[in-house]
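Each chain is listed here by its residues.
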Amino acid sequence: MSATLSFAGAERAADFAAVHATAFTPSWSARDIVELFDGVGVFGLLADAPGPVGMMLCRVVADDCEVLTIAVDPQARRQGVAHALVQAALLAAAQAGATAAFLEVAVDNPAAEALYAGLGFRRIATRRGYYSRPGGQEVDALVMRIDLNAALP
Ligand SMILES: CC(C)(COP(=O)(O)OP(=O)(O)OC[C@H]1O[C@@H](n2cnc3c(N)ncnc32)[C@H](O)[C@@H]1OP(=O)(O)O)[C@@H](O)C(=O)NCCC(=O)NCCS
């Protein structure tokens with residue numbers, strides 16, 4: 001897909017929220033996203049094709065980058081949008097001083113795990129009952145990490 005990637009902030013909170021809502025229930029509101037951007041080290045990426053079809057939020061604190069969320073509209077999936085978003089985010093994180101990136105992914109989300117593994121993230125831990133699903137079901141999370149010094153050119 002020929003999506004255009006760009007860094008964006010709170011001024012496009014509605015677009016971040018719209019894409020997030022295509023992928024998550026409950027989803028993050030535009031207000032939630034504005035509040036996130038108030039936090040230290042938070043940056044965001046949007047993929048437009050030309051409307052918003054992909055979004056990603058990360059936080060860099062000291063040496064670490066945390067992937068807060070990533071979502072691609074179902075109609076735009078399996079076309080490399082998420083791969084391009086993560087690559088761009090990792091490069092930006094390294095430029096901001098991060099030496100490693102971390103994320104949590106639900107154990108029942110093989111698509112996301114495959115995305116991250118394909119980019120070089122490796123499992124380092126499991127967090128029991130990290131996610132609570134609507135209805136109360138608890139789901140474990142895999143913690144995945146990538147060493148940015150080794151992974152980036
Ligand atoms: C996970 C998600 C972001 C992937 O977005 P995407 O743009 O479709 O991903 P890409 O097209 O860039 O795929 C890159 C790689 O990820 C893996 N992948 C992506 N979707 C997959 C699927 N449905 N099944 C298996 N592997 C998948 C593949 O390895 C793929 O490479 P390939 O197409 O060459 O096989 C998207 O499915 C999504 O928004 N899911 C709901 C939200 C979510 O789970 N976010 C992650 C939370 S940790």
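In this report, the structure presented in the accompanying data block is examined. (Residues numbered from 1 in each chain as written. Predicted model: local features only at pLDDT ≥ 70, side-chain atom pairs only at ≥ 80, totals over all residues. Heavy atoms only, no water.)

**Here's the deal with the environment of Val 105**
- With respect to the element layout, Val 105 can be found in strand β5 (residues 100–106).
- Contact partners of Val 105, with chain neighbours within four places excluded, come to Ala 112, Glu 113, Tyr 116, Tyr 131, Asp 140, Ala 141, Leu 142 and Met 144. (Helix = DSSP H or I, 4+ residues; strand = E, 2+ residues; numbered from the N terminus. Contact = heavy atoms within 4.5 Å.)

**As for the side chain of Asp 48**
- In this structure, Asp 48 sits in strand β2 (residues 42–48).
- The exposure class assigned to Asp 48 is buried, which follows from its relative accessible area of 12%.
- Side chain to side chain, Asp 48 and Arg 12 meet in a polar contact 2.9 Å long. (Buried < 20%, exposed > 50% of the residue type's maximum accessible area, 1.4 Å probe, protein only. Polar contact = N/O pair within 3.5 Å; in protein donor to acceptor, adjacent residues only side chain to side chain.)

**Thoughts on the sheet that holds β2**
- Judged by pairing direction, the sheet is mixed, and its seven strands sit side by side in the order β1-β2-β3-β4-β5-β7-β6 without closing on themselves. Of all the strands in the sheet, the pair left with one neighbour each is β1 (4–8) and β6 (122–132). Between one strand axis and the next, the sheet turns through 25° on average, direction left out of account.
- When strand β3 (residues 52–61) meets strand β4 (residues 64–72), the two strands line up antiparallel, connected through eight bridges. In the strand pairing of β4, Val 60 is matched with Cys 65.
- Of the strands in this sheet, β1, β2, β3, β4, β5 and β7 (138–147) touch helix α3 (residues 81–95), which is tilted by about 150° from β2.
- Where helix α4 (residues 110–119) meets the sheet, its contacts fall on β4, β5, β6 and β7, and the angle it forms with β7 comes to roughly 15°. (Pairing = 2+ DSSP bridges. Axes fitted to C-alpha atoms, helices over the stretch in contact; angles between N-to-C directions.)

**Comments concerning the pairing of β3**
- Among the 10 residues in β3, seven count as buried, and that is most of the element.
- Where β2 and β3 come together, seven bridges link them in antiparallel fashion. Its bridge partner being in β3, Val 42 is matched across the sheet by Arg 59.
- Counting the residues between successive antiparallel strands, the hairpin from β2 to β3 contains three residues.

**A word on helix α1 (residues 13–23)**
- Among all positions of α1, only Ala 13, Phe 16, Ala 17, Val 19 and His 20 are buried. Seen along its axis, α1 keeps its buried residues to an arc of 170°; they face one direction.
- Of the surrounding elements, those touching the buried residues of α1 are β1, α2 (30–37), β2, β3 and β4. (Arc of directions from axis to C-beta.)

**Observations regarding the site of the ligand**
- Near the ligand, the surroundings consist of 20 residues, among which Val 72, Arg 78, Gly 80, His 83 and Asn 109 are the closest.
- Side-chain polar atom of Arg 77 to an oxygen atom of the ligand: 3.3 Å apart, as the coordinates give it.
- Burial of the ligand by the protein chains amounts to 71% of its free accessible area of 910 Å².
- Elements with a minimum of two residues in the shell around the ligand: β4, α3, β5 and α4. (Near = heavy atom within 4 Å. Areas by Shrake-Rupley, 256 points an atom, 1.4 Å probe, with all protein chains shown as cover.)

**Quick notes on the side chain of Thr 69**
- Of note, Thr 69 is situated in strand β4.
- The buried category is assigned to Thr 69, whose relative accessible area is 6%.
- One polar contact links Thr 69 to His 20, side chain to side chain, over a distance of 3.4 Å.
- Residue contacts for Thr 69: discarding those within four places in its chain leaves His 20, Phe 24, Trp 28, Met 55, Met 56 and Leu 57.

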